[in-house]
Amino acid sequence: MANSAMLIVEGEVCQEAVFKWYHGDSSGTKNSRELSLKAKKHLSAMGWLFWYAPKKGRQELRYQSPKGKVYYSLKTACKSYIDEGVGEGRVVARDLESKKRSLNQENQTMYESVQSQPPKRRKKLKKQENQPKTRGIVSTKRVREGPLPNSSRNPNPKTALSWLIDNNAVSILAKVYYSNKAGNPLKKGRITRGGIQCDCCFRVFTLTAFEVHAGSANHWPSANIILDDGSGRSLSDCQRQVRESLMITSSKVENPKTMEDNSYQHESDEVCSACRNGGKLICCERCPSAFHMNCLGLEEVPKGDWFCPSCCCGICCIECLSGDIFLTCQQCERKFHVGCLRLKELNDLKNYQTGKNFFCGHSCEKIFSGLRKLTGKPIPMGNNLTWTLLKSGACSDSDTGHAHALEASAENHSKLSVALDVMHECFEPSKDVYTGRDLVEDVIFSRGSKLKRLNFKGFYTAVLEENDDLVSVATVRVYGDRVAEMPLVATRFRDRRRGMCRVLVDELEKNLAKFGVQKLILPAVPSVVDTWTNNFGFSHMTYDERSELLQYTFLDFQGTIMCQKLLKTDGYAHHFEVYKGIVARFKIPQL
């Protein structure tokens, strides 16, 4: 079918035409053609597809049902529709006028095609009761009860410079200088674990402070601090070399199941995507995801093919079938039929396309744009604190050239690596049992996977630094304006009880609310649930509240308690200010 020509038939409900055509109730060539067209329109409205297949030098029309079965004549197609029961027919509203063909050509780079071979998963239930119990648990989230030896008790900071020292990219007491645009040294010094010790005053400066001390306002110290060893390498060059070295090492031991290939295409997951436990699972016919029936609120196994919530259209809630043309929103990651988008009055889909990215609406486009503009731009918080949003492979918008982008990417990677060290300091290792990979590392570096519960491409990392020293870190993924998740939050032991986590989370919540995100959720370890509920304003999520979000795949851990917090969006803040004005004007007593 991939090389076949589609026949576009505008959907129109006319069930009577299907019965008449099957029973041969037509007279005359003209009436026969009209009845045939009406029958095809009704089938199209019910989600059927029509395409031409080459046979013996000519093109023959094929009829494909919503379940993927192909019929060779209109009569057999009508019979199949009648046999399945017209009451079971679900209308996939499609506005497939002639513009659809041109739309396909103009936007073929952003459309996802599912016209490849259908998934080879035939078992509805996947039993794992005989497997070892540990196979039923993906991962746990265990907080360390105390600092690691020789780590957080050590007063040495965790900075981009200390990361270079730990990876043997630079040496302690190595000579460096800050270079101006002409290449002339403005200040000279030596590398220490705490920063750069200036030769003129013998004070130790952070990289940012050393740049200011040198009289520069470039705001890019790593690119302008040069090793004084004749190599001409900047600290940014050293960061890139370490990153490339680590990538080579990682690729040698990479588990192929975590890479973005088709290794998962014909096998189902071994654990439930909702609760992360094994057992009897319902397997999606389109993707590797699997679920317990009770996690989905089902009392029995559905008849026929079953598709998980993530593989269904975000508007009509009907599966995106083989041969369907659909779009995936870059921000909320939900799928949408093109026809459903048109019926939602998104007539000009180009308005929701930025480059190769598609968005299901203005809210997702606003969030995506806002996050990208915020990424990599430090926000001063006062008291020598800086808040920054990071994402692997993405840097803040800039008009500078390719060289600057490489330097920004290297700096970004080094800070993410330091953030990972902080996470490892605060949490016990958390590895996925199925792949053996470090989940925290994959989240921090936004690694993707064909398996939805291991696809972390949408994650950002928020960090809080004090004089370039990273003290607190949180990971966040935003599923459109409806909900965002913050599964991992960590503060170094030496910096606890100083309000650092509060500053980090408050700034994150403020930006999410500014983008219009309504709710923030997190999986809390039982020992700190009271902290999140009493001090941060979170509350326990009920079963029904979690069930309403099944279309989103959250990062959850065995033994954690899912909590939520409603955010005060810009709209809420506006109405609240109006309310306060009314109260003040009319002196209404407040309860």
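Predicted model, so just to flag it, every value in this text is computed and none were measured. (Residues numbered from 1 in each chain as written. Predicted model: local features only at pLDDT ≥ 70, side-chain atom pairs only at ≥ 80, totals over all residues. Heavy atoms only, no water.)

## A look at the environment of Ser409
Moving on, step 1. With respect to the helices and strands, the residue Ser409 is situated in helix H12 (residues 402–426).
Moving on, step 2. Judged by relative accessible area, Ser409 falls into the partly exposed class, the value being 21%.
Moving on, step 3. At a separation of 2.6 Å, a polar atom in the side chain of Ser409 contacts the side chain of Arg243. (Helix = DSSP H or I, 4+ residues; strand = E, 2+ residues; numbered from the N terminus. Buried < 20%, exposed > 50% of the residue type's maximum accessible area, 1.4 Å probe, protein only. Polar contact = N/O pair within 3.5 Å; in protein donor to acceptor, adjacent residues only side chain to side chain.)

## Some points on the sheet that holds strand S24 (residues 539–540)
Moving on, step 1. Sheet architecture is open: eight strands sit in the order S18-S19-S20-S21-S22-S23-S25-S24, paired in mixed fashion. In this open sheet, the two strands that pair with only one neighbour each are strand S18 (379–382) and S24.
Moving on, step 2. Two elements, strand S19 (residues 385–390) and strand S20 (residues 459–466), share six bridges in a ladder whose sense is antiparallel. In the sheet register, Thr386 faces S20, and the bridge partner there is Glu465.
Moving on, step 3. Strands in contact with helix H11 (residues 362–374) are S18, S19, S20 and strand S21 (469–479); relative to S19, the strand with the most contacts, it is inclined by about 130°. (Pairing = 2+ DSSP bridges. Contact = heavy atoms within 4.5 Å. Axes fitted to C-alpha atoms, helices over the stretch in contact; angles between N-to-C directions.)

## A look at the state of the cysteines
Moving on, step 1. A complete count under the given rule lists zero disulfides for this structure.
Moving on, step 2. With no disulfide of its own, Cys312 lies closest to Cys308 among cysteine sulfurs, the gap being 6.8 Å.
Moving on, step 3. Since its relative accessible area comes to 10%, Cys312 is described here as buried.
Moving on, step 4. Its sulfur unpaired, Cys332 is 3.6 Å from the next cysteine sulfur, which belongs to Cys329.
Moving on, step 5. Here Cys332 falls in the buried class, since its relative accessible area comes to 5%. (Disulfide = S-S within 2.5 Å.)

## A word on helix H3 (residues 74–84)
Moving on, step 1. Residues of H3 that are buried: Leu74, Ala77, Cys78, Ser80 and Tyr81. For H3, the angular spread of the buried residues around the axis is 155°, confining them to a single face. (Arc of directions from axis to C-beta.)

## Overview of unusual backbone geometry
Moving on, step 1. Despite not being glycine, Asn383 shows a phi value in the positive range, around 55°.
Moving on, step 2. Within the element layout of this structure, Asn383 appears in the loop between S18 and S19.
Moving on, step 3. Phi at Ser446 is positive, roughly 50°, even though this residue is not glycine.
Moving on, step 4. With respect to the element layout, Ser446 can be found in the loop between helix H13 (439–444) and S20.

## So, the nonpolar core
As a rule of thumb, nonpolar side chains are buried together in soluble globular proteins.
Moving on, step 1. Ranked by size, the top nonpolar core spans 45 residues in total, and within it Leu161, Leu164, Val170, Ile191, Leu235, Met423 and Val473 carry the most contacts.
Moving on, step 2. Top element by residues in this core is H12. It accounts for seven residues.
Moving on, step 3. Each residue touching Met423, except ones within four places of it in the same chain, is listed here: Val440, Ile444, Val473, Ala474, Thr475, Leu488, Val489 and Ala490.
Moving on, step 4. Counting 34 residues, the second largest nonpolar core, distinct from the first, contains Ile367, Tyr460, Val489 and Leu522. (Core = buried A, V, L, I, M, F, W, Y, C linked by side-chain atoms within 4.5 Å.)

## Examining the sheet that holds strand S2 (residues 49–55)
Moving on, step 1. Read from one edge of the open sheet, four strands run S1-S2-S3-S4, paired in antiparallel fashion. Each end of this open sheet is capped by a strand with a single partner; those strands are strand S1 (5–6) and strand S4 (70–71).
Moving on, step 2. For S1 and S2, the ladder comprises two bridges, and the chain directions are antiparallel. The residue of S2 that forms the bridge with Met6 is Trp51.

## Digging into the pattern of salt bridges
Moving on, step 1. In this structure the tally under the stated criterion is 20 salt bridges.
Moving on, step 2. Residue Arg62 is joined to Glu60 by a salt bridge in which the shortest nitrogen-to-oxygen separation is 3.1 Å. For the pair Arg62 and Glu60, a shared accessibility class is recorded, and that class is buried.
Moving on, step 3. Through salt bridges that share partners, Glu425, Glu466, Asp469, Arg492, Arg494, Asp495 and Arg498 make up one connected network. (Salt bridge = Lys/Arg side-chain N within 4 Å of Asp/Glu carboxyl O.)

## As for the side chain of Glu509
Moving on, step 1. Positionally, Glu509 belongs in helix H14 (residues 500–514).
Moving on, step 2. Setting aside its immediate chain neighbours within four residues, Glu509 contacts Leu520, Phe538, Lys565 and Leu567.

## A closer look at the pairing of strand S9 (residues 195–198)
Moving on, step 1. Bridge count for strand S8 (residues 185–192) against S9 is four bridges, and the pairing is antiparallel. Residue pairing for S9: Thr192 is matched across the bridge by Gly195.
Moving on, step 2. Where S8 folds back onto S9 in an antiparallel hairpin, the turn is made up of two residues.
Moving on, step 3. Strand direction decides the pairing type here: S9 and strand S10 (residues 204–205), joined by two bridges, are antiparallel. Each bridged residue has a counterpart across the sheet, and for Ile196 the counterpart in S10 is Phe205.

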